[in-house]
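# Tertiary structure, described
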Amino acid sequence: MNSKFLGTGVALVTPFKSDLSVDHDALINIVNYNIDNGTDYLVICGTTGESVTITKQEKQAIIATITKANKGRLPLVLGIGGNNTMAVIEEIKTTDLTNIDAILSVSPYYSKPTQEGIYQHFKAISNASPIDVILYNVPGRTSKNMEVSTTLRLAKDFDNIIAVKEAGNNVAQYLELIKNKPDDFLVISGDDDLALGVVLAGGSGVISVIAQAFPKDFSNMIRLGLKGDAKEAYKLHFKLMDVIGYIFEENNPAGIKAVFEALNLCEDTVRLPLVPASNALKGKIQDFVKSY
């Protein structure tokens, strides 16, 4: 089993300055803050990193900054996905993946392919990728669920498809995946609110949004879950439960950036069409951070 991706991965934000340029200093601070507080691996340019509104050049610069700050300490996962299969393959082939341990590739959005279309999309990606691939199912954003049968078919047919980040917020689907998956295939939670339950049921961990703000408690919660210590793990879950709700109340990553602003780690700037969290939500978040 690929133990590199057991535990807590964080879907890093891309911090922006008020002029909307990438704040590389803040990014370095966030990387070190996570490494120092027990995060197991870092995910670059996923949904939370506002991957759809950053340029190719910015993405390369972000990868360079994170790689340099990380200094080989944690495994790195890079988001390369989309709904144009040929463009995704082109990006895989033209990206320097020397320091990257796996690709996280989202199921095609907007196009609404059939299950066979999703299978063929990831088959093409698997064949093109020189490194491991983590599938990413997030039907709330893609408008098409990657069904368990499709995920398991991909898991069985391609050696370099090692995991799925499942973010359907569907407990029954998680349990079906965990029950029927190949032994060495990882089921990673993409739902912060369900992550502990998934791990206790036999999942391998989480790629989390909130964990990057509270890495110590969240990664400890997942570690306890992996050991089967539900009682102690749930104490940490309940401690974080309110803020997990808050950050998804309006939009991700506006919510997590409001948390980071309250923690003085970066500004809450997001790029259109996203807008920052409302004052009402910011108030709740600031109160949580103060009492935390």
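These lines cover the structure that appears in this document, whether it is placed above or below. (Residues numbered from 1 in each chain as written. Predicted model: local features only at pLDDT ≥ 70, side-chain atom pairs only at ≥ 80, totals over all residues. Heavy atoms only, no water.)

## Let's talk about the packing of helix H10 (residues 230-247) against helix H12 (residues 279-291)
Where H10 contacts H12, the axes come no closer than 10 Å and their chain directions differ by 160°. One finds that H10 runs roughly antiparallel with respect to H12. By crossing handedness, the relation of H10 to H12 is classed as left-handed. On the side of H10, the interface is formed by Lys 239, Leu 240, Asp 242, Val 243 and Tyr 246, while H12 contributes Leu 281, Lys 284, Ile 285 and Phe 288. Broken down by class, the residue content of the contact of H10 with H12 amounts to six nonpolar, no polar and three charged. (Axes fitted to C-alpha atoms, helices over the stretch in contact; angles between N-to-C directions. Helix = DSSP H or I, 4+ residues; strand = E, 2+ residues; numbered from the N terminus. Parallel < 35°, antiparallel > 145°, perpendicular 65-115°, else oblique. Left-handed = near helix turned anticlockwise from the far one by under 90°. Contact = heavy atoms within 4.5 Å. Nonpolar A, V, L, I, M, F, W, Y, C, P; charged D, E, K, R; others polar.)

## Concerning the packing of aromatic side chains
Applying the stated criterion across every chain yields a total of six aromatic pairs. Relative to Phe 158, the ring of Tyr 119 lies with its centre 6.0 Å away and its plane at 45°, an arrangement referred to as tilted. One end of the pair, Tyr 119, is in helix H4 (residues 115-128); the other, Phe 158, is in the loop between helix H6 (148-157) and strand E6 (161-166), with 39 residues separating them in the sequence. Classification of Tyr 119 as buried rests on a relative accessible area of 7%. When the ring of Phe 214 is compared with that of Tyr 292, the centres are 4.5 Å apart and the planes differ by 50°; the resulting orientation is tilted. One end of the pair, Phe 214, is in the loop between strand E8 (205-208) and helix H9 (215-227); the other, Tyr 292, is in the segment after H12, and 78 residues separate them in sequence. (Phe/Tyr/Trp six-rings, centres within 6.5 Å; stacked < 30°, edge-to-face > 60°. Buried < 20%, exposed > 50% of the residue type's maximum accessible area, 1.4 Å probe, protein only.)

## A short note on the state of the cysteines
Counted according to the given criterion, the structure contains zero disulfides. The closest cysteine sulfur to the non-disulfide-bonded Cys 45 is located on Cys 266, 15 Å from its own sulfur. For Cys 45, a relative accessible area of 5% translates into the label buried. Cys 266 gets classed as buried once you look at its relative accessible area, which sits at 8%. (Disulfide = S-S within 2.5 Å.)

## Things to note about the layout of surface pockets
Sizing a probe to match a water molecule and rolling it over the atoms shows the empty space that remains. Size it by volume and the largest pocket reaches roughly 710 Å³. What lines the largest pocket is a set of 34 residues, among which Gly 46, Ser 51, Val 52, Gly 81 and Tyr 109 lie closest to the centre. For the lining of the largest pocket, the residue count by class is 14 nonpolar, 14 polar and six charged. Reported here for the second largest pocket is a volume of approximately 380 Å³. Taken together, 20 residues line the second largest pocket, and the ones lying closest to its centre are Val 138, Arg 141, Gly 190, Asp 191 and Phe 248. Elements supplying a minimum of two residues to the lining of the second largest pocket: helix H5 (139-142) and E8. Looking at the lining of the second largest pocket residue by residue, the classes come out as seven nonpolar, eight polar and five charged. (1 Å grid on protein atoms, 1.4 Å probe; cavity = no way out; pocket = protein on both sides within 12 Å on 5 of 7 lines; lining within 4 Å. Points joined across faces, edges and corners; volume = space filled by probe spheres on them.)

## Quick word on the side chain of Gln 115
Considering the arrangement of structural elements, one finds Gln 115 in helix H4. Separated by 2.8 Å, the side chain of Gln 115 and the backbone oxygen of Asn 145 make a polar contact. Only 3.0 Å separates the side chain of Gln 115 from the backbone nitrogen of Glu 147, close enough to count as a polar contact. Not counting residues up to four positions away in its chain, the partners in contact with Gln 115 are Lys 144, Asn 145, Met 146, Glu 147 and Thr 150. (Polar contact = N/O pair within 3.5 Å; in protein donor to acceptor, adjacent residues only side chain to side chain.)

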